[in-house]
Amino acid sequence: MARAGVETIIGTKIDDQFGPVIMFGVGGLFVEVLKDVSFRVLPISLVSAKEMIREIKSHRVLDGYRGTPKCDQKALAKLLVKISEIVEAYPDIREMDLNPGIVGEQGVNIVDARIILRD
């Protein structure tokens, strides 16, 4: 039922060593089989979010391929920063999982989300 686009995954957790971290990857096969993801310690800036998107091997899928349109990477980077801000503002969040998110020509739609709070 979601608009056409590229599946993405965004997740956060509290790492024992680093504290709050965020993960980004292109979803589906890329994340499940290839483990093609990027991590950052929170909080992140817009520059860091853009770097996360560009450093995964499958970032070219977001640039459009075989006639598919280019995905809205600006909206995707803004979403990563917003998730960072939410986790910083609500320290009771232990984990957050946005999977899948669908990034299209304009915007990102989150199809499923899960938030786990600290005990």
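Parameters at a glance
Residues numbered from 1 in each chain as written. Predicted model: local features only at pLDDT ≥ 70, side-chain atom pairs only at ≥ 80, totals over all residues. Heavy atoms only, no water. Helix = DSSP H or I, 4+ residues; strand = E, 2+ residues; numbered from the N terminus. Rg over C-alpha atoms; globule rule 2.2 N^0.38 Å. Buried < 20%, exposed > 50% of the residue type's maximum accessible area, 1.4 Å probe, protein only. Pairing = 2+ DSSP bridges. Core = buried A, V, L, I, M, F, W, Y, C linked by side-chain atoms within 4.5 Å. Contact = heavy atoms within 4.5 Å. Expected span 1.5 Å × (residues − 1).

Q: Please explain the overall build of the protein chain as it appears in this structure.
A: When you go through the protein chain residue by residue, the secondary structure sums to three helices and six strands. Overall, the protein chain shows an N-to-C arrangement of helices and strands of β-β-α-β-α-α-β-β-β. Its C-alpha atoms give the protein chain a radius of gyration of 14 Å, near enough to 14 Å, the size a compact globule of 119 residues would have. Principal axes of the C-alpha set define a box for the protein chain whose edges measure 45 × 30 × 25 Å. Buried residues in the protein chain amount to 42% of all 119 residues.

Q: Looking at this model, I keep getting lost on the pairing of strand β3 (residues 37-41). Mind explaining?
A: Consecutive side chains along a regular strand alternate between the two faces of the sheet. Here β3 shows a buried face lined by Ser38 and Arg40 and an unburied face lined by Val37, Phe39 and Val41. Taken together, the five bridges between strand β2 (residues 19-26) and β3 define a ladder with antiparallel strand orientation. Across the sheet, residue Met23 finds its bridge partner in β3, namely Phe39.

Q: I'm lost on the environment of Leu46 in this one. Help?
A: Within the fold, Leu46 resides in helix α2 (residues 46-55). What makes Leu46 partly exposed here is its relative accessible area of 37%. Along the backbone, Leu46 and Val87 are 41 residues apart, and their C-alpha atoms lie at a distance of 16 Å.

Q: What am I meant to see in the nonpolar core here?
A: Side chains of a nonpolar character, in soluble globular proteins, are inclined to be buried together. Ile10, Ile22, Phe24, Leu62, Leu80 and Ile83 are the most contacted members of the largest nonpolar core, which totals 25 residues. Elements that contribute at least two residues to this core include exactly β1 (6-15), β2, α2, α3 (73-89) and β4 (93-103). Discounting chain neighbours no more than four positions away, the residues touching Leu80 are Ile10, Ile22, Phe24, Ile44, Ala49 and Ile53.

Q: Explanation requested: the environment of Lys13 in the structure shown.
A: Inspection of the secondary structure assignment puts Lys13 in strand β1. Since its relative accessible area comes to 39%, Lys13 is described here as partly exposed. Taking C-alpha positions, Lys13 is 17 Å from Asp112, a pair spaced 99 residues apart along the chain.

Q: Would you explain the environment of Gly64 in this entry?
A: Its location among the elements puts Gly64 in the loop between α2 and α3. Note: C-alpha distance between Gly64 and Lys78 (14 residues apart in sequence) is 19 Å. Non-local contacts of Gly64, meaning those with residues more than four positions away in its chain, are made with Pro69 and Lys70.

Q: Sorry if this is basic, but what is going on with α3 here?
A: Because each turn of an α-helix spans 3.6 residues, side chains separated by three or four positions in sequence point in the same direction. Taking 1.5 Å per residue as the helical rise, α3 with its 17 residues ought to reach 24 Å, and the 24 Å between its terminal C-alpha atoms agrees with that figure. Buried within α3 we find Gln73, Ala75, Leu76, Ala77, Leu79, Leu80, Val81, Ile83, Ser84 and Val87. Those residues of α3 hidden inside the fold are in contact with β1, β2, α2, β4 and β5 (108-110).

Q: Mind showing me how you'd approach the pairing of β1 here?
A: In this structure, β1 lies alongside β4, joined through seven bridges in antiparallel fashion. Note that in β4 the partner of Thr8 across the bridge is Gly101. Pairing between β1 and β2: eight bridges, direction antiparallel. Bridge pairing links Gly11 to Met23 in β2. In this structure, the hairpin formed by β1 and β2 is closed by a connection of three residues.

Coordinates in, geometry out; function isn't part of it.
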